[in-house]
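What follows is the residue order along each chain.
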Amino acid sequence: MDSFLIQLTLLTGVPIDQIKMLTGFFISVTFGFAFKNFQNPQLRLTSGAIVGVLLTIFVYEYAFINILIQTIIVYVMVKYLGKNSPWPVFIETLLFLSIHHIYRQITDYGGWTLDVTTILMMNTAKWTSFAFQIQDGLNNKCSKEQQERAIRKFPTFLEYFSFSFFFAGCLAGPAYDYHDFYQFIHQQGGYQKIGSTTKEVLKLSCLSFGLITTYMYLSYYFPFHWVISQEFGSLNFLQQLIWLNVMITVQRCKYYAGFCFSELSISSCGLTWEGGKFGNKQQFQLDGNLKEMQEMVDKLNMKLQTWEEGKFGKIKQIDLDWDLQYNMKDKVEKWNISIQTWLRRYVYQRIYSEEEMKKNPSKQQISFQTTFMISAIWHGYYPGYYFAFVQWAILNSVNKFSFKWSLNNPIFNKFDEYRALWFIRWFVAQSYFTMCGTSFLLLSIDKILLFYANTNYILNISLIMTYAVFVITGIGQRKKKI
């Protein structure tokens, strides 16, 4: 098999690690179509685990042992620590991932070779969420969402092992928690009747191919590292912003393609399916003095319910309208969605409860900043990640300040009324986000500082100054007295 793959690499020029990953995806997608028809939960658990293990060994070779060891460690920790396991598991798992990140940076600094950190990052989300869901099953004091997703009965090792190595997502994600996995295996909830997956797989395949083709063609005309060249520095600031926004959009096509591609196997087997549900066209509610008739009205409301067809999207990686968003919150939530969901459910909402954060804004700020820092560590230890995430955190705070100011000042409504003003707001927000994203991709300090120097630090300084003005003056943060 290896000799065939080597020949394929020589023929196509595609690195062998990428050839293996593509082959693994093809196998998992093909098996997914067959798996969708399996009905027996034990068969689904066993076959899903076996194929997942074989694919993991095929792509990651001896590094499979690393994943296996950590899988067992987490299960043992959760089993014996019970409701006290989440944070010990979180720290140990993040440390385990960090060791692999550091090793990769030492042996392949700045390289794009696919290695075991690819799947360890996704499994970190799965392992840590598993520990929190076990805690939720033993704890009555948790939010409604946490209660719904709690694990009430401790899984057998086979159930847990299949969750960790399940073929759909075993190579590059996306991440999903045990609640969704259990319902899918046992065909419960929205998984009772999964629609045809063929059309969804074809759509994702076409999107992946189209996006990667776009990237390969346009990246020649908008080369990324031109941002650290003297020629880029010689442009005026407006020209730089325009070029940056086009260039980083081209770069994002590569990530869009990867996200769509990673959804293929979980779509072919139906794991991304959202079951249909009843939705009301109209709801009638009686006023306080006619409560005795409410039961009759409730029956009327039931008759008005309409069936909303199921769709794919329960577990996803990206919303392709990302570039059209100007709100930092929307941009964060629509990018690498499975990981953003993990960060929200199992980091941000676990440091303090939602009630505590509502009562004490400083606690909300601590949870917010900690979440950004953990996201940076999860990505790795290149300096560019920290330049990016620190500034993204500041940008998000500025976004919150601006949003609150807009609520207290009707003049900001004009940004939605006039297309020209909407475009200006979008362009400014996109430019700041692009600056952070460019820092993320440049990785090393020397290249990042060259990029900043080329733009005369205008975006960096203006961002910090805007944040300082909001913090010091509190402008627009208090409601006007009527």
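Residues numbered from 1 in each chain as written. Predicted model: local features only at pLDDT ≥ 70, side-chain atom pairs only at ≥ 80, totals over all residues. Heavy atoms only, no water.

**Student:** Go over helix α21 (residues 419-442), please, and point to the residues and values.
**Tutor:** Spanning 24 residues, α21 covers 33 Å between terminal C-alpha atoms, matching the ideal 34 Å at 1.5 Å per step. Two residues or fewer past α21, leucine 443 is found with a positive phi of approximately 70°. (Helix = DSSP H or I, 4+ residues; strand = E, 2+ residues; numbered from the N terminus. Expected span 1.5 Å × (residues − 1).)

**Student:** Describe the layout of surface pockets, with residues and values.
**Tutor:** In this model, the second largest pocket occupies a volume close to 800 Å³. In this structure, the second largest pocket is lined by 28 residues; those nearest its centre are Tyr326, Val398, Asn399, Ser402 and Arg425. Of all the secondary-structure elements, those providing two or more residues to the lining of the second largest pocket are α15 (328-333), α19 (383-408), α20 (414-417), α21 and α23 (458-473). Ranked by residue count, the leading element in the lining of the second largest pocket is α19, at eight residues. Its residues assigned to classes, the lining of the second largest pocket shows 18 nonpolar, seven polar and three charged. (1 Å grid on protein atoms, 1.4 Å probe; cavity = no way out; pocket = protein on both sides within 12 Å on 5 of 7 lines; lining within 4 Å. Points joined across faces, edges and corners; volume = space filled by probe spheres on them. Nonpolar A, V, L, I, M, F, W, Y, C, P; charged D, E, K, R; others polar.)

**Student:** Please set out the confidence of the model for the chain residue by residue, giving values where relevant.
**Tutor:** Taken over all residues, the pLDDT of the chain has a mean of 89, while the share at 70 or more is 92%. With pLDDT under 50 throughout, residues 280-289 is counted as low confidence; its partners more than four residues away or in other chains account for 18 contacts. (pLDDT = per-residue confidence, 0-100. Contact = heavy atoms within 4.5 Å.)

**Student:** Can you break down the packing of aromatic side chains residue by residue, with the values?
**Tutor:** Evaluated as defined, the whole model comprises 64 aromatic pairs. Arranged with centres 6.0 Å apart and planes meeting at 55°, the rings of phenylalanine 31 and phenylalanine 35 form a pair that is tilted. Placement of the pair is phenylalanine 31 and phenylalanine 35 together in helix α2 (residues 16-35), with a separation of four residues, close to one helical turn. Across the pair, exposure class does not vary: phenylalanine 31 and phenylalanine 35 are buried alike. Where tyrosine 109 meets tyrosine 382, the ring centres are 4.9 Å apart and the plane angle is 70°; that geometry is what we call edge-to-face. Pair noted here: tyrosine 109 is in the loop between α5 (86-107) and α6 (117-137) and tyrosine 382 is in the loop between α18 (361-379) and α19, with a separation of 273 residues, a long-range link. Judged by relative accessible area, tyrosine 382 falls into the buried class, the value being 6%. (Phe/Tyr/Trp six-rings, centres within 6.5 Å; stacked < 30°, edge-to-face > 60°. Buried < 20%, exposed > 50% of the residue type's maximum accessible area, 1.4 Å probe, protein only.)

**Student:** Account for the nonpolar core, naming residues and giving values.
**Tutor:** Grouped together as the largest cluster of nonpolar side chains are 123 residues, with contacts concentrated most on Phe166, Phe167, Phe184, Trp342 and Trp392. The biggest single contributor to this core is helix α12 (residues 237-262), with 11 residues. Setting aside anything within four residues of it in sequence, one finds tryptophan 342 in contact with Phe90, Thr124, Ala125, Thr128, Ser129, Val347 and Trp378. (Core = buried A, V, L, I, M, F, W, Y, C linked by side-chain atoms within 4.5 Å.)

**Student:** For the side chain of serine 397, give the residues involved together with the corresponding values.
**Tutor:** When you line up the elements, serine 397 lands in helix α19. If near-sequence neighbours (up to four positions away) are discounted, serine 397 is found in contact with Gln365, Phe368, Gln369 and Tyr467.

**Student:** Describe helix α9 (residues 178-185), and please don't skip the residues or the numbers.
**Tutor:** Among the eight residues that make up α9, seven are buried, leaving the element largely enclosed by the rest of the structure. Buried residues along α9 sit against α2, α3 (41-60), α6, α7 (144-149) and α8 (157-165). Its side-chain oxygen 3.2 Å from the backbone nitrogen of histidine 179, aspartate 177 forms the N-cap of α9. Following α9 by one or two positions, glutamine 187 has its phi on the positive side, about 50°. (Polar contact = N/O pair within 3.5 Å; in protein donor to acceptor, adjacent residues only side chain to side chain.)

**Student:** Which residues make up the environment of tyrosine 326, and what values do they have?
**Tutor:** By secondary structure assignment, the location of tyrosine 326 is in the loop between β4 (311-312) and α15. Beyond its immediate sequence surroundings of up to four residues, tyrosine 326 is in contact with Lys331, Asp416, Trp422, Arg425, Trp426 and Ala429. A polar atom in the side chain of tyrosine 326 sits 3.2 Å from the side chain of arginine 425.

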